[in-house]
Amino acid sequence: MRVILSVTAGPKWGTEFVFDTHRVVLFGRSHRCGQYSLGNDLRMSRAHLIVEVDPPVCRLRDLGSANRSFVNGRPVIEAQIGHGDVVTLGDTQLTVRVEQTSAEVMAGDQARWPAVVAESWAESPPAASAPAIERPCVRCGAATRLPGPTADLPVCPSCRQVMQTSGEHLSSYRLVSQIYQGSMGAVWQGEDVRTARRVAVKLLGPDLAGNPRLAHLFLQASHLAAGLRHPRIAEAITSGQFDGQLFAVTEYVAGQDAETVCQQSGGRMNPRDVIAIALQTLDAIEYAHSQGVVHRDLKPRNLLLQGAPDSYAVKVTDFGLARNYLSAGLRGLTQDPDVRSSIPYLAHEQVIDPESADPRSDVFGLGATFYHLLTGEFVYNFVPDQEPLVTVVEAEPVDIRTRGVPLPPQLVDVINRAISESPDSRFQTVGEMRAALAAIPEWTT
């Protein structure tokens, strides 16, 4: 199955955009929209709307455009569109076409059979229950029979009974005290009942756990993080789904995130501390990149600091854990404060085409993070009442020298290069960035 958006009016008449896999892209007249720029249509905003395609489903969200977006002549902010619908942006029209691929046609659309069956079961459960499957209990290892296919972690009846009396909310983990509650979910300090080890437990909100794509990204990110073993990365211990609750268990880090420390320091931190934090963080991210893992959501709140000024020890956390909002679809484009806190640290290519993020996007995120800790400002000048994603696309990063904070020239050069708009102008690896920072002896000795 594929979705084709054909330009049937406007400067790019005749152009077709073909999507056969999940994509989230931005359309507008700005050249910064890359291949999704729709030309010099002056009635179209530079960054007009975001479209999420997950064949055969297609959704859009207007980004506060001056002349609005229309579907079949009706103004919309968000809408799901399908075959035959016409989307109007300025003088440009996009006509939606949904097609089967040749393989699907030849196979009689068998490729969609599982989805069709799932939909029919939701309306009318089959008379015969699905055959039970046998898996080892994650708590004691005993063989456990589960009724039909399930994504849940298996726990045997005897362990469930023990859990009820021990206060375990998840298999082998007791929730002790809440650290953070956000709209995306909650973070708890927990205890491993087998070892008495303190842990951090991240629980994805029930509405998000019901979103298959977010649930997939959550578990995928957890799996990738579990393979990382580095002293500056918070250890990912386990993750899964228990009784419908998506969770991830990580090392508990006693300390505060860099954003909190920055605010307690009067809104910015001294360069010596920031460089020390940066060198440790870059070491951790360089290791992650060597393992093929791109963080995608580097920001002060994802840097946990232990110790006191002049001797901070860093732990990097949340390697994309439920944070790859743009790639997850329009759920990530709401006014959700958990989501919006990531936007000031995004490179513009992450908005234009989120799935194109590579290690150089992390270089930008790191530069934007250290910029904020040094100045208390963001790399972009956000405009009140304007969709912040539009600012990321349209605005250029602001030279750190204009923020009025005295900094050593070498540090200024490192930060400005890291936040370059073009990925090709940035440090090409975090190792290069770390070497440049380490070469500022008067601030690192």
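Our subject is the structure that appears above.
Please read these numbers as outputs of a predicted model, since none were measured by experiment.

Chemist: So, the overall build of the chain: which residues are in play, and what are the values?
Modeler: Regarding its fold elements, the chain presents 15 helices and 21 strands. Expressed as a percentage of its 445 residues, the buried residues of the chain come to 51%. For the chain, restricting intrachain contacts to residue pairs at least 6 apart in sequence, the fraction spanning at least 24 positions comes to 57%. Looking at the chain as shown, the accessible area adds up to about 20,100 Å², and 52% of this sits on carbon and sulfur atoms.

Chemist: Explain the pairing of strand 3 (residues 23-27) to me, and be specific about the residues and the numbers.
Modeler: Within strand 3, 4 of the 5 residues are buried, which leaves it mostly tucked inside the rest of the structure. As defined by bridge partners, strand 3 adjoins strand 4 (residues 49-54) across 5 bridges and the pair is classed as antiparallel. Note on strand 4: the bridge partner recorded for Arg23 is Val53.

Chemist: Please set out the nonpolar core residue by residue, giving values where relevant.
Modeler: Ranked by internal contacts, the top residues of the largest apolar core, which has 66 residues, are Leu26, Phe319 and Met433. At 9 residues, the largest contribution of residues to this core is made by helix 7 (residues 271-290). The contacts of Phe319, once residues within four sequence positions are left out, are Ala221, Ala225, Leu228, Ile233, Ile285, Ala288, Val293 and His295.

Chemist: Tell me about unusual backbone geometry, residues and numbers included.
Modeler: With omega at 5°, the peptide bond leading from Pro55 into Pro56 counts as cis. Relative to the helices and strands, Pro56 resides in the loop between strand 4 and strand 5 (57-62). The phi dihedral of Arg296 falls on the positive side, at around 80°, and the residue is not glycine. Relative to the helices and strands, Arg296 resides in the loop between helix 7 and strand 20 (303-306). A positive phi angle, near 70°, is found at Asp385, a position not held by glycine. Take Asp385: it is sitting in the loop between helix 11 (359-375) and helix 12 (388-394). Judged by relative accessible area, which is 86%, Asp385 ranks as exposed.

Chemist: Please set out the sheet that holds strand 16 (residues 198-204) residue by residue, giving values where relevant.
Modeler: As summarised here, the arrangement of the 6 strands in space is 13-14-15-16-18-17, forming an open sheet in which the pairing is antiparallel. The strands lining the two open edges of the sheet, one partner per strand, are strand 13 (168-170) and strand 17 (236-242). Averaged over all adjacent pairs, the angle separating strand axes in this sheet is 30°, with direction ignored. Relative to strand 13, helix 3 (residues 157-166) is tilted by about 125°, and along the sheet it contacts strand 13, strand 14 (173-182) and strand 17.

Chemist: Explain helix 13 (residues 409-418) to me, using residue names and the numbers behind them.
Modeler: Every buried residue of helix 13 is listed here: Leu411, Val412, Val414, Ile415, Asn416 and Ala418. Each element contacted by the buried residues of helix 13 is listed here: helix 7, helix 11 and helix 14 (430-438).

Chemist: Give me the lowdown on the sheet that holds strand 2 (residues 16-19), citing residues and values where you can.
Modeler: Read across the sheet, 6 strands follow the order 2-1-10-9-6-7 without closing on themselves; strand pairing throughout is antiparallel. The open sheet is flanked by strand 2 and strand 7 (74-76), the only strands paired with a single partner. Strand after strand, the sheet turns through a mean of 25° between neighbouring axes, direction not considered. Here strand 9 (residues 86-89) runs beside strand 10 (residues 92-99); their pairing, made up of 4 bridges, is antiparallel. When the bridges of strand 10 are listed, Val87 appears paired with Leu94.

Chemist: Give me the lowdown on the environment of Gln220, citing residues and values where you can.
Modeler: When you line up the elements, Gln220 lands in helix 5 (residues 212-226). When the C-alpha positions of Gln220 and Ser239 are compared, they lie 9.7 Å apart, and in sequence the two are 19 residues distant.

Chemist: I'd like a description of the environment of Thr92, backed by residues and values.
Modeler: Of note, Thr92 is situated in strand 10. It is 8.0 Å that separates the C-alpha atoms of Thr92 and Lys12, two residues lying 80 residues apart in sequence. Among residues more than four places away in sequence, those in contact with Thr92 are Val7, Ala9, Gly10, Pro11, Leu38, Asp41, Met44 and Val87. For Thr92, the side chain forms a polar contact with the side chain of Asp41, separated by 2.8 Å.

Chemist: Quick one: what's the story with empty space enclosed by the protein, residue by residue and with numbers?
Modeler: By the definition in use, this model includes 3 cavities of 30 Å³ or more. For the second largest cavity, the full set of lining residues is Arg296, Asp297, Leu298, Ser342, Tyr345, Leu346, Gln350, Ser361, Asp362 and Gly365. At 3 residues, the largest contribution of residues to the lining of the second largest cavity is made by helix 11. When its residues are assigned to classes, the lining of the second largest cavity shows 3 nonpolar, 4 polar and 3 charged.

Chemist: Account for the side chain of Ser420, with residues named and values stated.
Modeler: Note that Ser420 resides in the loop between helix 13 and helix 14. According to the relative accessible area criterion, Ser420 is buried, its value standing at 16%.

Chemist: A description of the pattern of salt bridges should follow, citing residues and the corresponding values.
Modeler: Side chains bearing opposite charge may pair, as long as their charged atoms lie close to each other. Across all of its chains, the model carries 25 salt bridges by this definition. For Glu52, the salt bridge goes to Arg59, with nearest N and O atoms at 3.9 Å. Given the relative accessible area of 6%, Glu52 is considered buried. On the accessibility criterion, Arg59 (31% relative accessible area) is partly exposed. Across the pair Glu78 and Arg61 runs a salt bridge, and its minimum N-O distance is 3.2 Å. With Glu78 in strand 8 (residues 78-81) and Arg61 in strand 5, this residue pair connects regions lying 17 residues apart in the sequence. Among the residues examined, Arg61 registers a relative accessible area of 9% and is labelled buried. Via salt bridges that share partners, Arg2, Glu16, Arg97 and Glu99 belong to a single interconnected network.

Parameters at a glance
- Residues numbered from 1 in each chain as written.
- Predicted model: local features only at pLDDT ≥ 70, side-chain atom pairs only at ≥ 80, totals over all residues.
- Heavy atoms only, no water.
- Helix = DSSP H or I, 4+ residues; strand = E, 2+ residues; numbered from the N terminus.
- Buried < 20%, exposed > 50% of the residue type's maximum accessible area, 1.4 Å probe, protein only.
- Contact = heavy atoms within 4.5 Å.
- Areas by Shrake-Rupley, 256 points an atom, 1.4 Å probe, with all protein chains shown as cover.
- Pairing = 2+ DSSP bridges.
- Core = buried A, V, L, I, M, F, W, Y, C linked by side-chain atoms within 4.5 Å.
- Axes fitted to C-alpha atoms, helices over the stretch in contact; angles between N-to-C directions.
- Polar contact = N/O pair within 3.5 Å; in protein donor to acceptor, adjacent residues only side chain to side chain.
- 1 Å grid on protein atoms, 1.4 Å probe; cavity = no way out; pocket = protein on both sides within 12 Å on 5 of 7 lines; lining within 4 Å.
- Points joined across faces, edges and corners; volume = space filled by probe spheres on them.
- Nonpolar A, V, L, I, M, F, W, Y, C, P; charged D, E, K, R; others polar.
- Salt bridge = Lys/Arg side-chain N within 4 Å of Asp/Glu carboxyl O.

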